[in-house]
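# Working through the structure, step by step
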Amino acid sequence: MIKLIATDMDGTLLKDNKEIDSEIYELLPKMKQKNIHFVAASGRQRPSLEKSFEHYLEDVTILAENGAYVVHNGEEIYSSVMSKELIDFITEEIKKLNNVGILYCGKHCCYTPYIECYNTLASPKFHYNIKLINHFDDIKEDIIKVSLVDPQGASGYSFPILEKILKGKVEIAVSGFDCIDIVNKGVSKGNAIEILQKKWNIMPEETMTFGDNYNDIEMLQQAKYSFAMAHSEQGVKKCANYVAGDNNEGAVVAQIKKFVNI
């Protein structure tokens with residue numbers, strides 16, 4: 001019996017145009033009636049995820065910033081704050097790269113000195129709470145994730161360089177749309193799901209997860225019913241037990257309805 005369902009958002013529950021599969025809203029109260037926990041697990045920030053589920057927040061657990069921040073019924077369950085020394089080190093390495101943008105992610109807001117990042121994430125597609133800054137010292141809240149936007153293609157340029165430098169110091173993953181997410185060592189969507197499983201006494205055999213990118217792998221490995229999306233790279237698919245189908249055709253909702261009698 002499935003007791004926990006967690007899904008990535010971009011490229012998974014969301015269509016390519018960033019619209020959510022609205023049928024999920026019909027399933028949320030039905031899942032709650034069956035005591036099934038539904039988790040929105042994303043590299044996105046909490047405010048952006050809450051905007052997607054603004055009328056259903058009592059039915060959804062928010063797993064934000066690739067597992068660095070977890071909120072249930074408005075209460076923090078888990079967070080992992082990065083040290084200033086580590087952030088300074090990461091920043092200096094990113095500054096050595098060409099034509100990339102940096103984003104500092106707090107629990108309630110994101111910060112960037114790059115107008116392109118600001119304009120994209122502040123748009124209705126993402127609904128980010130984001131501020132432009134001149135210097136990192138302008139930020140007054142704790143940072144839980146550092147992201148990098150690489151229009152040249154993160155997988156081919158910035159990720160191989162940063163992975164070699166940061167390996168063993170942090171968790172670093174390509175998160176889609178030419179982005180790289182960097183969090184504290186040990187932090188991942190999978191680690192956050194494991195925390196929730198222990199809190200709710202749920203086994204991997206009672207867990208269903210959906211994802212499409214490399215930052216979803218640990219989460220996929222934390223569930224018996226693990227689904228990679230049809231467009232996922234082979235390295236992601238091999239870490240899942242099933243292939244879900246097309247995110248533009250409601251594949252996540254279809255699989256939930258297939259495996260759960262709702």
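Here's what I pulled together on the structure shown here. Quick caveat, the model's predicted, so the values are computed rather than measured.

Turning our eyes to something else, we now look at the nonpolar core. Counting 49 residues, the largest nonpolar core has Ile5, Ile24, Met31, Phe38, Val39, Phe53 and Ile256 as its most contacted members. Per-element tally for this core: the top contributor is helix 2 (residues 23–33), with five residues. For Val39, the residues in contact, after removing those within four places along its chain, are Leu4, Ile5, Ala6, Thr7, Thr61, Leu63, Ile193, Leu196 and Trp200. In this structure, Ile94, Ile133, Leu162 and Leu166 belong to the second largest nonpolar core, which totals 26 residues.

Turning to the packing of aromatic side chains, a few remarks are in order. Tallied over the full model, the rule gives eleven aromatic pairs. Judged by centre distance (4.8 Å) and plane angle (20°), the rings of Phe227 and Tyr242 are stacked. Of this pair, Phe227 sits in strand 13 (residues 225–228) while Tyr242 is found in strand 14 (residues 242–243), placing the two residues 15 residues apart along the sequence. In this structure an aromatic cluster arises from ring pairing among Phe210, Tyr225, Phe227, Tyr242 and Phe259.

Bringing the environment of Lys258 into the picture now. When you line up the elements, Lys258 lands in helix 10 (residues 251–259). Note on Lys258: relative accessible area 65%, which makes it exposed. Remark: the alpha-carbon pair of Lys258 and Ile180, spanning 78 residues in sequence, is separated by 33 Å.

Quick look at the environment of Pro160 now. Positionally, Pro160 belongs in helix 6 (residues 158–166). Pro160 gets classed as partly exposed once you look at its relative accessible area, which sits at 36%. Between the C-alpha atoms of Pro160 and His72, which are 88 residues apart in sequence, the distance is 35 Å. For Pro160, the residues in contact, after removing those within four places along its chain, are Ala154 and Ser155.

So, how was this worked out
Residues numbered from 1 in each chain as written. Predicted model: local features only at pLDDT ≥ 70, side-chain atom pairs only at ≥ 80, totals over all residues. Heavy atoms only, no water. Core = buried A, V, L, I, M, F, W, Y, C linked by side-chain atoms within 4.5 Å. Buried < 20%, exposed > 50% of the residue type's maximum accessible area, 1.4 Å probe, protein only. Helix = DSSP H or I, 4+ residues; strand = E, 2+ residues; numbered from the N terminus. Contact = heavy atoms within 4.5 Å. Phe/Tyr/Trp six-rings, centres within 6.5 Å; stacked < 30°, edge-to-face > 60°.

By themselves, these are just geometric observations and shouldn't be taken as functional.
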